[in-house]
Amino acid sequence: MRTIYSPFVLILSAFLTGLAQHPLQLGWLVWFTLIPLIFVFNRITIFRHFIMAGLIWGCTYHLTVIFWLAGNIGTTPLTGFISMLSAVLFLALNIIAVSFIMYFLKNKFPKKWFWYFPVVWVSMEYIRSMGTLGFPWVSLANTQLDFLTLAQNVEITGIYGISFWIVLINVLMFNWLVRPFRENFLWILFFFMFPWITGWFLMPELQNDNEFLEVAVIQPNIHLYQKWKPGATKENITTLLDISNPALKQNVDLIIWPESSISTYLLQGNDSYLKWIQRELKDTKLIAGIPYFSGVEPERKYYNSVALIQADSISNVYHKMKLVPLAEYIPFSNIFPSLKKLNLGQANFTHGEEHKIMNVNNFKCAAMICFESTFPSISRQFINDGAEVLIYVINDGWYEHPPEPQQHAKQAVFRAIENRRPVIRCTNTGISMVIDAGGNISHQIPLNERGMIQAKIQTQSHATFYTRNGDIFAKLNVLLCIFFI
């Protein structure tokens, strides 16, 4: 049985865990794919073996999940490959850290070390989501979005409660395999069923009052080469207005266009385009992704922004706060300005600093941009500032094929459940969605299709435990991890 401890088994474990992140309905795999990793930790004793196990597992897992980074059509194949490889190696550090802590705990608690594994995993997963290079995209919790009843628990624990449960089930199964007693098997059944039962009780009864926000979500499916082609601005706006025309005729409350839908500085020196759009709006409001700048050269700042446009005014402009490292800016370039001179095919945007609420016919809307939809804390802050509807404008056109668009899209379901607020997801090439406060996807436009969603959005008013307290479950795990050490 020595082969069960070989690098091949680590690779297989990590690959199957990563496979569960893809749009293949394989989320159930992670209920047992961590068991080989625990067996490896159980057998090895030398520090460098723990580090090597973490490196092998971490690289394989993250390569399986985010291999698509190399296919970014906005850069050269070589740069895309280097970016992907760098991201994989960086993210693998998180698993190496898990391995390091488990080595320490195994030496300290040789009989009970594996019971600490869920706490250590969640602590490192939470820490990885923080800071300039935070990346919650690869959280184990994201594998479970096929199971809506289970997902309801994030209203209490956030996504890290789901990750904890996944690791705990693997630990319980390992314990049963090592000690195949009846009571150990019963513990597996109990802890497996518990979040399904609580999730069933947490499933909300949605309000059905007379007040609603009537929206139209536009997915123009404009290829990026067409979007940024010199002189294409008029043609692109024409496409957006043509798709929006039925909703404009019905005077819907709000039309939403995706991230960077207008490939020109609409609010700075392009009055003809702005007035053209405003003439078409009449009584309808428009939330649209736009590029924006402030100041004069050489101190000018550029932003990835979204604006609330009305027939007679511009009400709000929100600047994206969580930019994509190495795509929208060079990390730490605010500290070392010379880094902005590096040309890796990235933009050089400035981080926004203010959560802005957009008032649409007395409905308070939070409009965020792309990558921000993957960070629970950003949406939570908007809700605490009064937002009743979460809107994400997105351009996933850099990736023309699965699985990136699907991985990105499904995370919006958690944002709806965490705060019990409806979510509107508007993308350029897909996948556009409307999600209710229970996490149900009521409307959807598939990838690489042009279309419009019209929906009546019912708002919710109560604050969930997660909205009030944030990632307190994850923070408790971090404190426990420190205490154990």
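Here's a quick rundown of the structure. (Residues numbered from 1 in each chain as written. Predicted model: local features only at pLDDT ≥ 70, side-chain atom pairs only at ≥ 80, totals over all residues. Heavy atoms only, no water.)

For a regular strand, the rule is simple: side chains alternate between the two faces of the sheet. In terms of residue burial, strand β4 (residues 301-309) counts as a mostly covered element, since seven of its nine residues are buried. As paired elements, strand β3 (residues 285-294) and β4 share nine bridges and run antiparallel to each other. Each residue of the ladder has a partner; that of Ser294, found in β4, is Lys301. The antiparallel pairing of β3 with β4 creates a hairpin that spans six residues between the two strands, and Gly295 there sits at a positive phi of about 85°. Judged from the five bridges that link them, β4 and strand β5 (residues 314-319) form a sheet pairing that is antiparallel. For Ala307, the partnering residue across the bridge sits in β5 and is Val317. Counting the residues that bridge the hairpin from β4 to β5 gives four residues. (Buried < 20%, exposed > 50% of the residue type's maximum accessible area, 1.4 Å probe, protein only. Helix = DSSP H or I, 4+ residues; strand = E, 2+ residues; numbered from the N terminus. Pairing = 2+ DSSP bridges.)

A few words on the packing of aromatic side chains. Per the stated rule, a full pass over the model turns up 43 aromatic pairs. With a centroid separation of 5.2 Å and an interplanar angle of 70°, the aromatic rings of Phe47 and Tyr103 are classed as edge-to-face. Separated by 56 residues along the polypeptide, Phe47 in helix α3 (residues 47-66) and Tyr103 in helix α4 (residues 77-108) bring together distant segments of the chain. With a relative accessible area of 36%, Phe47 lands in the partly exposed category. Here Tyr103 falls in the partly exposed class, since its relative accessible area comes to 22%. (Phe/Tyr/Trp six-rings, centres within 6.5 Å; stacked < 30°, edge-to-face > 60°.)

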